[in-house]
Amino acid sequence: NAGVMQNPRHLVRRRGQEARLRCSPMKGHSHVYWYRQLPEEGLKFMVYLQKENIIDESGMPKERFSAEFPKEGPSILRIQQVVRGDSAAYFCASSPLNMNTEAFFGQGTRLTVV
Amino acid sequence: DQQVKQNSPSLSVQEGRISILNCDYTNSMFDYFLWYKKYPAEGPTFLISISSIKDKNEDGRFTVFLNKSAKHLSLHIVPSQPGDSAVYFCAARSNTGNQFYFGTGTSLTVIP
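### Concerning the overall build of chain B
Part 1: Secondary structure assignment for chain B yields 0 helices and 11 strands.
Part 2: Expected size for 112 residues packed as a compact globule is a radius of gyration near 13 Å; at 13 Å, chain B falls within 12% of this value.
Part 3: The principal-axis extent of the C-alpha atoms belonging to chain B is close to 40 × 30 × 20 Å.
Part 4: Within chain B, the fraction of its 112 residues that count as buried is 47%.
Part 5: Of the contacts made within chain B by residues no fewer than 6 positions apart, 54% connect residues no fewer than 24 positions apart.

Here you go:
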């Protein structure tokens, strides 16, 4: 049973370009969470999705950021017109339907905006 | 608004001794608590959890204690080993369950 798969592991984008980060949850998991870790900081919640639904996006910046979790395929975190401040590690986690269960994290995507 | 707080950014412990990592929370609706361990350039890995109906959960060298009245939990590692050196994150979730709230982490160094 493969774990949570994120790709790419490293992504370099120039200012103004778009970044697409992909996350394939563990098999059987229908809940996906995206977190961001800025240098020297903790994990900041961004968005929580179930298949085809955004459940909680209270941590997403209002502009340039969007997320989806389609019926088929991975979850995508999309950052348009990236700026230097978007440079961070972005982690995806997944969990099954059960409430009291842990979330499993992927290895993360390290985005560098130059 | 940081609902889960880890007030000690770092901790150093001698090998073989006990490591105690602390975590405080503010939301009384939290009913499920977790500890994650994170090595540099890797994703967090789940370590141990506890439901609010319990006050202690033990798994090998790791024990989590929950004090609901104080809104405080702690992770005890005994005996500490050099391989335990990592950043430890405390996390919590409410029964409405929309997200896991994380603390800012405590960097543990176990000195051989």
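### Description of the overall build of chain A
Part 1: From N to C terminus, chain A includes 0 helices and 11 strands.
Part 2: Going residue by residue from the N terminus, the α and β elements of chain A occur as β-β-β-β-β-β-β-β-β-β-β.
Part 3: The C-alpha atoms of chain A give 13 Å as radius of gyration, which agrees with the globular expectation for 114 residues (13 Å, within 12%).
Part 4: In terms of overall dimensions, chain A has C-alpha extents of about 40 × 25 × 25 Å along its principal axes.
Part 5: Across the 114 residues that make up chain A, the buried fraction comes to 46%.
Part 6: When contacts within chain A are restricted to residue pairs at least 6 apart in sequence, long-range pairs at least 24 apart make up 52% of them.
Part 7: Of the roughly 5800 Å² of accessible surface on chain A, a fraction of 46% belongs to carbon and sulfur atoms.

### Some remarks on the packing of aromatic side chains
All names here are of chain B.
Part 1: Counted under the stated rule, the structure contains 13 aromatic pairs over all chains.
Part 2: Summarising the aromatic geometry, the rings of Tyr25 and Phe33 are spaced 4.7 Å apart at their centres and angled 40 degrees between planes, so their arrangement reads as tilted.
Part 3: The class for Tyr25 is buried, based on a relative accessible area of 6%.
Part 4: Residues Tyr36 and Phe46 carry aromatic rings whose centres are separated by 5.9 Å and whose planes lie at 75 degrees to one another, so their mutual orientation is edge-to-face.

### Focus on the sheet that holds strand E7 (residues 65-68) of chain A
All names here are of chain A.
Part 1: The 4 strands lie next to each other as E1-E3-E8-E7, forming an open sheet whose pairing is antiparallel. Each edge of the sheet is formed by a strand with only one pairing partner; in this case those strands are strand E1 (5-7) and E7. Each strand of the sheet is rotated relative to its neighbour by a mean of 15 degrees, with strand direction disregarded.
Part 2: Summarising the sheet, E7 and strand E8 (residues 75-79) pair through 4 bridges and their orientation is antiparallel. Among the inter-strand pairings, Glu68 is bridged to a residue of E8, identified as Ile76.

### Things to note about the environment of His10(A)
Residue and element names in this part refer to chain A.
Part 1: Mapped onto the secondary structure, His10 falls in strand E2 (residues 10-13).
Part 2: Here His10 falls in the exposed class, since its relative accessible area comes to 57%.
Part 3: Spatially, the C-alpha atoms of His10 and Lys62 are 24 Å apart, while their sequence positions differ by 52 residues.

### Quick look at the sheet that holds strand E6 (residues 56-59) of chain B
Residues and elements named next belong to chain B.
Part 1: Pairing is antiparallel across the open sheet formed by 5 strands, whose spatial order is E1-E3-E8-E7-E6. Strand pairing shows two members of the sheet lacking a second neighbour, strand E1 (4-5) and E6, which therefore form its edges.
Part 2: Both strand E7 (residues 62-67) and strand E8 (residues 72-77) contribute to a ladder of 6 bridges, which runs antiparallel. Of the residues in E8, the one forming a bridge with Phe62 is Ile77.

Cut-off values and rules
Residues numbered from 1 in each chain as written. Chains lettered and ligands numbered in written order. Predicted model: local features only at pLDDT ≥ 70, side-chain atom pairs only at ≥ 80, totals over all residues. Heavy atoms only, no water. Helix = DSSP H or I, 4+ residues; strand = E, 2+ residues; numbered from the N terminus. Rg over C-alpha atoms; globule rule 2.2 N^0.38 Å. Buried < 20%, exposed > 50% of the residue type's maximum accessible area, 1.4 Å probe, protein only. Contact = heavy atoms within 4.5 Å. Areas by Shrake-Rupley, 256 points an atom, 1.4 Å probe, with all protein chains shown as cover. Phe/Tyr/Trp six-rings, centres within 6.5 Å; stacked < 30°, edge-to-face > 60°. Pairing = 2+ DSSP bridges. Axes fitted to C-alpha atoms, helices over the stretch in contact; angles between N-to-C directions.

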